[in-house]
Amino acid sequence: MSVALTSFPAYSRARTESPVHPAVPKNAGSSEAAIASAADIRSGLTENLARLWRYGLVLSHQRDVADDLVQATCLRALERADQFVPGTRLDRWLFSILHSIWLNEIRSRRVRQGQGFVDAGDALIFDGAHDTETHVMAGQVLKRVSALPEAQRTVVFLAYVEGLSYREVAGILDIPIGTVMSRLAAARAKLSDDEREGGRQ
């Protein structure tokens, strides 16, 4: 994977510039909380880089676009560190930022087909954070997941690979839980049909 911590300008800038907006009141308590929050986010970004890159790859099918998505996500997270609510899940917040960037900025670009295209099933490497059952299910799904429509592909990845709850997936994608469930059902049906077709060949 070409993504590396040192490749993100956001990290080098964060050492000398505060990612918190200047309007924060200048009292000791607020300053300490802001510094702690920014430090926690920098640490959390390091831990979640691989997961963010995998999600960027699932969305875009382009290694270079996945790199751009992760870099933009890191920068935005550091710039908006004061918006993160301590005690909530950082990974969910980061996935939401990346998905928003994909919808609003990256996907609007005209990416030439075939340039940097990779098979998501080959590129997505598990980091050992999930249990064996999830590994087995995700391994089976990822063989064909890249062929699914984007809407189904994203819910399959977040629910089956990342192991997020339906409610968490709905929050990241900003859609109703019922929509998450229907997309997963459609994806499972498509994957089952593909598996049956493959078995007959």
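Here is what the cut-offs are and how they apply
- Residues numbered from 1 in each chain as written.
- Predicted model: local features only at pLDDT ≥ 70, side-chain atom pairs only at ≥ 80, totals over all residues.
- Heavy atoms only, no water.
- Helix = DSSP H or I, 4+ residues; strand = E, 2+ residues; numbered from the N terminus.
- Buried < 20%, exposed > 50% of the residue type's maximum accessible area, 1.4 Å probe, protein only.
- Contact = heavy atoms within 4.5 Å.
- Areas by Shrake-Rupley, 256 points an atom, 1.4 Å probe, with all protein chains shown as cover.
- Core = buried A, V, L, I, M, F, W, Y, C linked by side-chain atoms within 4.5 Å.
- Axes fitted to C-alpha atoms, helices over the stretch in contact; angles between N-to-C directions.
- Parallel < 35°, antiparallel > 145°, perpendicular 65-115°, else oblique.
- Left-handed = near helix turned anticlockwise from the far one by under 90°.
- Nonpolar A, V, L, I, M, F, W, Y, C, P; charged D, E, K, R; others polar.

(A) Layout of the overall build of the protein. Assigned secondary structure in the protein consists of 9 helices and 0 strands. Taken from N to C terminus, the helices and strands of the protein fall in the order α-α-α-α-α-α-α-α-α. Burial status across the protein gives 41% buried among its 201 residues. Considering only residue pairs separated by 6 or more positions, the protein has 73% of its internal contacts joining residues 24 or more positions apart. Accessible surface computed for the protein: about 10900 Å², of which carbon and sulfur atoms make up 51%.

(B) Main features of the nonpolar core. Counting residues in each nonpolar core, the largest one holds 46 residues, and the members touching the most others are Ile41, Leu45, Tyr55, Trp93, Leu158, Val169 and Leu173. Of all the secondary structure elements, the ones that give two or more residues to this core are helix H2 (28-60), helix H3 (63-79), helix H4 (90-106), helix H7 (150-161), helix H8 (166-173) and helix H9 (177-200). Per-element tally for this core: the top contributor is H2, with 10 residues.

(C) Summary view of the side chain of Arg153. By the secondary structure assignment, Arg153 is in helix H7. Setting aside chain neighbours within four positions, we find Arg153 in contact with Val58, Leu59, His61, Val145, Ser146 and Leu148.

(D) Region of interest: the environment of Gln83. Positionally, Gln83 belongs in the loop between H3 and H4. Given a relative accessible area of 48%, Gln83 falls into the partly exposed group. Sequence separation between Gln83 and Trp93 is 10 residues, and the spatial gap between their C-alpha atoms is 9.9 Å.

(E) Region of the structure containing the packing of H7 against H8. Between H7 and H8, the least distance of the axes is 9 Å, while the angle of their chain directions is 135 degrees. As the angle between them shows, H7 and H8 are arranged oblique. Seen along the crossing, H7 lies across H8 with a hand that is right-handed. Taking contact as the criterion, the partners of Thr154, Val155, Leu158 and Ala159 in H7 are, on H8, Val169, Ile172 and Leu173. When grouped by side-chain class, the residues that make up the contact of H7 with H8 number 6 nonpolar, 1 polar and no charged.

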